[in-house]
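These are the residues of each chain, in order.
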Amino acid sequence: MIEERQEATFIDEQVIIEALEAGKKYSPLAVREVISKSLELNGLSLEELAALLWVDDPELEHEVYTAARKIKEQIYGKRIVFFAPLYVSNHCVNNCKYCAYKIDNDYPRRRLSMDEIRREVKVIENMGHKRIALEAGEDPVNCPIEYITAAMKQIYDTASGNGTIRRINVNIAATTVEEYKMLKDAGVGTYVLFQETYHRDTYSKVHCGPKADYDWHTTAMDRAFAGGIDDVGMGVLYGLYDWRFETVALLMHAQYLDKTYGVGPHTISFPRLRPAYGMSLDNFPYIVNDNDFKRIVASLRLSVPYTGMILSTREEPFFREEVVALGISQISAGSMTGVGEYSGLDEKATSGAVDDRNTCGRPDTPQFDVGDHRSLDEIIYDLLPEGYIPSFCTACYRSGRTGENFMALAKTAHIHEMCQPNALLTFQEYLCDYASPATRQRAVPAMERALMDVVPENLRQECRNRLERIKAGERDLYF
Ligand code: SF4
Ligand code: SF4
């Protein structure tokens, strides 16, 4: 049984530094061997990942990117899973230097009432989303676990037309085994907690409040597993410390979870520091440039081939599409990062009010500035000519294919035979219920092409049948 309080000894800074030093010495030939090994889809060691992160020869870099694209297409095809974040409370007792919700930012705080949550969820459902990432600041008094589980119930119970939310991933502060059990009982999909930085000194410099306890934060996933949650999502906030150190540390954490619990992280996210109310990027010396960011994504794609990788709307549209090709399997779209902002958007759209986000500390002050302001439909419209197929699939979670069961299937690639037909079924729902006429038109040849990737033939035929049933009005069909 897990101790509530543990030291995060599995993150060993000396081992990370040694891996980085060893990886730096890899010859081009040795790097090419690492690339070849990655194509066997068995993952890489810390040192091998480090070798990829040091690559600066453009030709070799190109080879890493080509391998990342190949692995991505082999495992995920051209599918992209969509979700929307929902910020329910900006009360926070912490003072993280990089976040607009920090306690030092003196503006009126709020948490959404259940009625307000219903309103927000309907806006999200009316965009076409089926997955929500629920987000909240840390405040045991104003935002206790009972509020979070009630919010989850409200989200699952809210329908708008054919729209329902079928999966809620939850991103809340590190907590106790008991509270993780409550999250599990409330139907959490993936429990997501970003480490922010694995570097202890930096961690203590940028945090103040309960979150400043590195060991409590870093061992949160152990307690989540002890509470029965078997899908966890990790991430580093790139820009707080050296990106090579953070990336090797992230893999170290992922390998530890895999070895200890038989299941690695379900997802890895790639948040990059963004401007936010009450902070300036000038105070952060480790900002990651676009090229290095691409290297991080591609190198991790080679290192953890079966882990879903997530990119948020922090990134700008053009760059986002470039990074998606290197290994991203999920993206957020149409995101609002302020509390109550989706409903506020509705009001602004009807009143014609101008966008004044981040100019003052209002209750709906966003946690950070969004870089991609396109609607879900606009993003889909832009991705279709690149051959991508949007997916709103949540089939595994609802069929009990989670945790160890899921990883066993994922690692043999069998699960991905089901992803393609499920993507088509859920995209067809989107096309029937939410798509603009232009997107609908653009989707016709894309759907036909994507259907040919469904194998074997009898599965393709059954997929065709179900697509017709959806066009005739049925919903929520999946394999
Ligand atoms: Fe609070 Fe999280 Fe923001 Fe820190 S990052 S101030 S814990 S909401
Ligand atoms: Fe994800 Fe499972 Fe759906 Fe594939 S079939 S997209 S793994 S939920």
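Residues numbered from 1 in each chain as written. Chains lettered and ligands numbered in written order. Predicted model: local features only at pLDDT ≥ 70, side-chain atom pairs only at ≥ 80, totals over all residues. Heavy atoms only, no water.

**Remarks on the pairing of strand β7 (residues 232-235)**
The side-chain alternation of β7 yields two buried faces, one formed by V232 and M234 and the other by G233 and G235. Across 2 bridges, strand β6 (residues 188-192) lies against β7 in parallel orientation. Note on β7: the bridge partner recorded for V192 is G233. Inspection of the sheet shows β7 paired to strand β8 (residues 267-269) by 3 bridges, in the parallel sense. When the bridges of β8 are listed, G233 appears paired with T267. As for the winding sense of the linkage, the β-α-β connection from β7 through helix α11 (residues 243-261) to β8 is right-handed. (Buried < 20%, exposed > 50% of the residue type's maximum accessible area, 1.4 Å probe, protein only. Helix = DSSP H or I, 4+ residues; strand = E, 2+ residues; numbered from the N terminus. Pairing = 2+ DSSP bridges. Right-handed = clockwise from strand over helix to strand, strands pointing away.)

**Quick look at the site of ligand 1**
Close contacts around ligand 1 come from C92, N94, C96, Y98, C99, Y101, K102, G137, K211 and Q367, and that covers them all. Taken atom by atom, the bulk of ligand 1 overlaps the largest cavity. In the shell around ligand 1, the residues fall into 5 nonpolar, 3 polar and 2 charged. (Near = heavy atom within 4 Å. 1 Å grid on protein atoms, 1.4 Å probe; cavity = no way out; pocket = protein on both sides within 12 Å on 5 of 7 lines; lining within 4 Å. Sits in = over half its atoms within 2 Å of the grid points. Nonpolar A, V, L, I, M, F, W, Y, C, P; charged D, E, K, R; others polar.)

**A closer look at the pattern of salt bridges**
Opposite charge on two side chains lets them pair, provided their charged atoms get close. All chains considered together, the criterion is met by 31 salt bridges. K153 is the partner of D157 in a salt bridge, and the nearest nitrogen-oxygen pair spans 2.7 Å. Remark: K153 and D157 occur in helix α6 (residues 145-157); sequence separation between them is 4 residues, near one turn of the helix. The exposure class of K153 is exposed, given its relative accessible area of 52%. Members of the salt-bridge network, linked through shared partners, are R320, E321, D372, R374 and D382. (Salt bridge = Lys/Arg side-chain N within 4 Å of Asp/Glu carboxyl O.)

**Points about empty space enclosed by the protein**
Per the stated rule, a full pass over the model turns up 5 cavities of 30 Å³ or more. There is about 840 Å³ of room inside the largest cavity. Along the walls of the largest cavity sit 49 residues, with Y87, E135, N171, F194 and Q367 positioned nearest its centre. Of all elements in the fold, only β1 (79-89), β2 (131-136), β5 (167-171), β6, β8, β9 (308-311) and β10 (330-332) reach the threshold of two or more residues within the lining of the largest cavity. Across the lining of the largest cavity, the residue classes tally to 24 nonpolar, 16 polar and 9 charged. (Points joined across faces, edges and corners; volume = space filled by probe spheres on them.)

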